[in-house]
Each structure stands twice: as structure tokens, then as C-alpha cells.
Amino acid sequence: MDKNYHIFSDGRIERSEDTVRLETDDGEKKHIPVEHAEAIYLHGQIDYNTRLMSFLNDHGVAVHVFGWNDRYAGSLMPERGQTSGRTVVEQVRAYDDPEQRQSLAASFVRGSIHNMRTNVTYYNSREYELGGVIEELDNATARIDDASDISELMGVEATARRAYYQTFEAVLPDSFAFDGREYNPPPNPVNALISFGNSMVYANCVSAIRATALDPTISYLHEPGERRYSLSLDIADLFKPVLTDRLLFRLVNRKQISRDDFRDEVGSCLLNEEGRTTFLKEFEETLERTVEHPTLNRKVSYQYLLRLEVYKLKKHLLTGESYDSFKRWW
Amino acid sequence: MSDPVSRLVATAQGDAVDNPFRVTGVMMQYYYVCERELWFESRNIEIDRENASVARGTRVDESSYGERSQENLRLGMIALDLLEDGRVVEVKPSSTLTEPARMQLSYYLWYFDRVLGVEREGVLAHPTERRREDVSLDDDRCDKVESAIRGIHAIVTADSPPEATEKPYCESCAYHDFCWV
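Residues numbered from 1 in each chain as written. Chains lettered and ligands numbered in written order. Predicted model: local features only at pLDDT ≥ 70, side-chain atom pairs only at ≥ 80, totals over all residues. Heavy atoms only, no water.

Student: Could you give an account of the overall build of chain A, with specific residues and numbers?
Tutor: If you tally the helices and strands in chain A, you get 10 helices and 12 strands. Over its C-alpha trace chain A gives a radius of gyration of 20 Å, about what one expects of a compact globule, namely 20 Å for 330 residues. When the backbone C-alpha atoms are referred to their principal axes, chain A occupies close to 60 × 50 × 40 Å. Relative to its full complement of 330 residues, chain A shows a buried share of 55%. Accessible area for chain A stands at about 14,600 Å²; split by element, carbon and sulfur atoms hold 45% of it. (Helix = DSSP H or I, 4+ residues; strand = E, 2+ residues; numbered from the N terminus. Rg over C-alpha atoms; globule rule 2.2 N^0.38 Å. Buried < 20%, exposed > 50% of the residue type's maximum accessible area, 1.4 Å probe, protein only. Areas by Shrake-Rupley, 256 points an atom, 1.4 Å probe, with all protein chains shown as cover.)

Take a look at the structure:
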């Protein structure tokens, strides 16, 4: 699996000979090796032209654009080999069949809770007392099969996630008080870290989905249209505990991220450039980390696990073979 | 006319067929390599284009015989790598899957004979190994092609693919992760 490249500065990227060149407004020049790029993430104000887009298209490199406060603004995806009418038809058919949609949505919830629980048990076995949270998560899991519709499943997921967030209060130092999950804008450092990390998980899921012929807008647990790429939300939920949360705990507890890595504004708190750089360096290293896969009989990167998840879903949709969501096994 | 073989001939000859049936050379090859792969191929389930062995196969096809192979002779359902002195030549990067390649070539010869009404001899070529093998269509081979056509029909009309079974070459298949994850 190839690498992600993040650009924070303002400037311009262009094709230069057979590679991509970044020229920042400060006059600095850098090259991005296109053969080894999975996607380029633009966090600053960047100019580019159509010649660059065709070049990236030829090399299958995606571009993810982030706007103000690093909110996901959209993607420029390579076009090659990613359209299949039949796949989209089967995707919609599964959405439209209440039983099949329910079973897919239930599988996403089951996987999400399982992966939250893995984090909780990890910290519970160390010095923290989190037995109550584990019990709440198990109660939520027990309710999955009884849920009669999607909104009940969403409720089960929400209950589980609320219980899970008690882990953040317990594990993180007092200077990083959490006070519950709040989004736009995040009011404190922990929420800022979660938001930033989750938006990276989300964008990586968009890449993984678009590398196959699945349509990223047709989803099962989340309602299509809730956000543009709602299938990314379905998949991302499975991986947030593995990719964002564990990293967040580690960075804060080892003081690699401190209060100085944020800038406070009225009613909001965001990572500053230094904080984002630190977080992303570790995030990308996490994506490259590998684990022995139980059925593929080889090591796969965490990033490739996202792609495999999309393959599993696609296989289910096209062959009728059952889908079992990602559950951390190590 | 329910026999897949006669349906295929009628389809290829442009007759009005209620239920046209097509078999390409690649489908014939897949039938002998992996029936599951054949089902995927028939549904246009796209392969992982980053897969190294897929890229390799394409490259050998394009480079070994230079300009000539770019033309890729299309004859209805089949597309020949090249014709050399009137002989049908099928180019393969390696000889690891010789029997499937031989059957693909046999199918081309059968197609020439039954659909186009011309007898042809065939050559299986492995340019990277500098090896060539003559193939001709005898009665035995002819029967084998026709029973394969019926077998292919049964697979591609099924609602779900045959179950995955582990084969020695699964590792290098573009569908490997799709099958085994």
C-alpha cells in the first residue's frame, strides 16, 4: 500500500517532468514521488491545474482537500477502473431491501462496539477501573439483534459510544478534560483531536471505497445523503477506535501532544500546525503498521484493512456471500 | 435451441437467437484455471489493477511481439494475439498454466472451424522462455471444447459464484484478497 502525503503550506503543486512538485509561497520546493503516493492531502491554500490532474489520474493518485478548520471539503478521484453499473445496482438493491440493510447496519454496529470494547479492555487491564463501561458495551451489543429498525440500531450505537467516551475521562490527564463529545466546532483539545483524527479516517475510507467500484454515497447504517459520502461514515466508524482513539491516548499520555499544540478561539479549540504535524506523522505511521491477517496468511497494513473492508462489502453485495464487519483480532 | 454449443454458434454467425450466448477466449481459459474467477469475469467484477501479476501479463502481451500484437485481431467473440503464416498464435508470459492456455487456443481453432468454416493450426508461444508448441484440433480436443462450453454456460448463468477453493496459484491471482478476506 502506498503513502499519503500531507501539505500544510500555501502554494502551488504541479507536474514537473515525471513527478509532482510543490512550490510553497515561501519559495520552498519539494517533490512528491508519485509512484509511491496513495493520496495527497491538501490542508493549505493550494493552486493546481488540469495538467496535474491528468497526471495524477494516470498514476491513480487521489487528492483530498481540507478547508477552513481542516474540515473535509472534497476529493479529486482518479477515474480509471472504478465504474461498474452492476455494482451500484446491487448496492442500491441491498439498501432497498429492509432485511439486508438491517443486517448490514447491524454488522457495522457490532464491529464498532467490538472495536471500542477492545480499547476499553486494554486500559482496564492496566491501571484503570473500566468494568462498568465494558458492561454497558456488552449490554448494547446484546440489544443489536432485537433492534427492529435502523434508527434503533443508531440508538444502540449512540448509547455504546457515550459509555465508551467515559474511557477518555478516565485515561486522559486532568489537563485534557473531555466533557462529552461535541463537534462543530470542537470546544476543547480532546474534541479537537477526535475531530481531526476522525476526518483523516474518513478521508482514507473515501480513498479505499473509490479504489473499488462501490458508490461512496450509498450506505446502510447512516442514511444516504446525511453527508456526501455516507458509506465512508459506515466504514470509518469501525476503524476510529483503532486509528484515532488509541493514537490520541498515546500522544497525550506520553506528552507528545501538549496544551501548546492547540489554538483557542471563542468557543472553539483547534490543533495548530505543529499539533497537526505531530498527530499526522504518528497517524501515518499507524496506517503503515502491519498485522498478521488470519485468512490471507500474510501481514497487511492497517491502511490496507480499510481496502479489505470495502472488498468484503462488495463481495457480499455481488455474490451474496455473508459480510462480517471488521473486528480487531489482535 | 437450448444447447449452449448451438446457441453459441448461432450467436456468432449473427442468426436471430432468443438467448444469445457468448464465450470469449479468456472465459475458456478461466474455466480451466478457476471457475470462481470465470463467474467474476462474466459479471465484470473488476480486478485490482494494482496487482503485480496482472500488470505483468499485460506488459508481456504488449512488448514481446512489438507492433503486431497491438492490432489484436478481433473475430466476433474471440480476439487473437496474432496470425502468423495463417497459424493462430496465442502468447503467454509463462508456461505455468499450460493446459488452460492450450484450451483457450483450442477454442479459437474450434471457433475457426465451426463458426467461420476454416481449418487452422495453432501455436502456443512463451516468448520469455523461447518455447513454442504446436496445437491442432482433433476429435478429442473438439469434444473437450464443446463440453467446456456447456460447463461455462452452467457457471455464468448461476446466481452465485462457485465456492472458493484453494489452488496453488491463488497467491498470484488478482482476486486473491477478494476471495479469501
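Student: Talk me through the sheet that holds strand E8 (residues 72–76) of chain A; I want residue IDs and the actual numbers.
Tutor: All names here are of chain A. Here four strands make up an open sheet; going across it, the order is E1-E5-E7-E8 and the pairing mixed. The open sheet has two edge strands with one neighbour each: strand E1 (3–7) and E8. For this sheet, the mean inter-axis angle between neighbouring strands, taken without regard to orientation, is 20°. The sheet contact formed by strand E7 (residues 62–66) and E8 spans four bridges and is antiparallel. Residue pairing across strands places Val 63 opposite Leu 76, the latter belonging to E8. Packing of helix H7 (residues 189–210) onto the sheet brings it into contact with E1, strand E5 (37–42), E7 and E8, and relative to E7 it is tilted by some 150°. (Pairing = 2+ DSSP bridges. Axes fitted to C-alpha atoms, helices over the stretch in contact; angles between N-to-C directions. Contact = heavy atoms within 4.5 Å.)

Student: With reference to specific residues and values, describe the packing of aromatic side chains.
Tutor: For any pair of aromatic rings, the description consists of the separation of the ring centres together with the inter-plane angle of the planes. The tally for this structure, following the rule as stated, stands at 30 aromatic pairs over all chains. Between Tyr 302 of chain A and Trp 330 of chain A, the ring centres sit 5.3 Å apart and the planes meet at 50°, which makes this aromatic pair tilted. On the criterion of sequence distance, the pair formed by Tyr 302 of chain A in helix H10 (residues 302–319) and Trp 330 of chain A in the segment after H10 is long-range, its members being 28 residues apart. The class of Tyr 302 of chain A is buried, set by a relative accessible area of 6%. For the pair Trp 39 of chain B and Phe 40 of chain B, a centre-to-centre distance of 6.1 Å together with 70° between the ring planes defines the contact as edge-to-face. With a relative accessible area of 0%, Phe 40 of chain B lands in the buried category. Through successive ring pairs, a cluster of aromatic residues spans Tyr 122, Tyr 123, Tyr 128, Tyr 164, Tyr 165, Phe 168, Phe 178 and Phe 249 of chain A. In this structure, Arg 181 of chain A packs its charged tip against the face of Tyr 183 of chain A, placed 4.5 Å from the ring centre. When the ring centre of Tyr 122 of chain A is taken as origin, the NZ or CZ atom of Arg 246 of chain A, which lies over that ring, is 3.9 Å away. (Phe/Tyr/Trp six-rings, centres within 6.5 Å; stacked < 30°, edge-to-face > 60°. Lys NZ or Arg CZ within 6 Å of the ring centre and 35° of its normal.)

Student: Can you explain the packing of helix H2 (residues 85–96) of chain A against helix H3 (residues 98–124) of chain A? Please cite residues and give values.
Tutor: All names here are of chain A. Closest axis-to-axis distance for the H2/H3 pair is 5 Å, and the angle between their directions is 95°. Considering the angle they form, H2 stands roughly perpendicular to H3. In this structure, H2 contributes Ala 94, Tyr 95 and Asp 96 to the contact, and H3 contributes Pro 98, Gln 100, Arg 101 and Leu 104. Classifying every residue of the contact of H2 with H3 by side-chain character gives four nonpolar, one polar and two charged. (Parallel < 35°, antiparallel > 145°, perpendicular 65-115°, else oblique. Nonpolar A, V, L, I, M, F, W, Y, C, P; charged D, E, K, R; others polar.)

Student: Requested: an account of the pairing of strand E3 (residues 19–24) of chain A, with residues and values cited.
Tutor: Residue and element names in this part refer to chain A. The sheet contact formed by strand E2 (residues 11–16) and E3 spans six bridges and is antiparallel. Its bridge partner being in E3, Arg 12 is matched across the sheet by Glu 23. Hairpin connection of E2 to E3: two residues between the antiparallel strands, including Glu 17 at a positive phi of 55°. Strand direction decides the pairing type here: E3 and strand E4 (residues 29–32), joined by four bridges, are antiparallel. When the bridges of E4 are listed, Glu 23 appears paired with Lys 29. What sits between E3 and E4 in their antiparallel hairpin is a turn of four residues, with Gly 27 showing a positive phi close to 90°.

Student: Kindly report on the pattern of salt bridges, identifying the contributing residues and their values.
Tutor: For side chains bearing opposite charge, pairing can occur when the charged atoms are close. All names here are of chain A. Inspection of every chain in the model, using the stated rule, returns 30 salt bridges over all chains. Salt-bridge contacts for Glu 282 lead to Arg 250; the nearest nitrogen and oxygen are separated by 3.0 Å. Of this pair, Glu 282 sits in helix H9 (residues 273–288) while Arg 250 sits in helix H8 (residues 230–253), and the two are 32 residues apart along the sequence. We note that Glu 282, like Arg 250, is buried. (Salt bridge = Lys/Arg side-chain N within 4 Å of Asp/Glu carboxyl O.)

Student: So what's going on with the interface of chain A and chain B? Which residues, and what values?
Tutor: At the junction of the two partners, chain A supplies 19 residues and chain B supplies 17 residues. Of the roughly 1,600 Å² buried where chain A meets chain B, counting both sides, 50% is carbon and sulfur surface. Among the residues of chain A in contact with chain B, Tyr 311, Lys 315 and Thr 319 of chain A are the three that bury the most area, contributing 29% of the side total. Two residues, Arg 298 of chain A and Asp 177 of chain B, come together in a salt bridge whose shortest N-O distance is 2.8 Å. Taken together, chain A and chain B are joined by seven residue pairs in polar contact (both at pLDDT 80 or more). With nine residues, the single largest contributor to the side of chain A that touches chain B is H10 of chain A. Of the residues belonging to the side of chain A that touches chain B, the class tally is seven nonpolar, five polar and seven charged. (Buried area = accessible area lost by both parts, 1.4 Å probe. Polar contact = N/O pair within 3.5 Å; in protein donor to acceptor, adjacent residues only side chain to side chain.)

Student: Quick rundown of the sheet that holds E2 of chain A? Include the residues and the values.
Tutor: Residue and element names in this part refer to chain A. Here we have four strands laid out as an open sheet, ordered E4-E3-E2-E6, and mixed in their pairing. One side of each edge strand has no neighbouring strand; the edge strands of this open sheet are E4 and strand E6 (46–47). Bridging between E2 and E6 involves two bridges; their strand directions are parallel. Bridge assignment links Arg 12 to a residue of E6, and that residue is Asp 47. Lying over the sheet, helix H1 (residues 50–58) contacts E2 and E3, oriented at roughly 60° with respect to E2.

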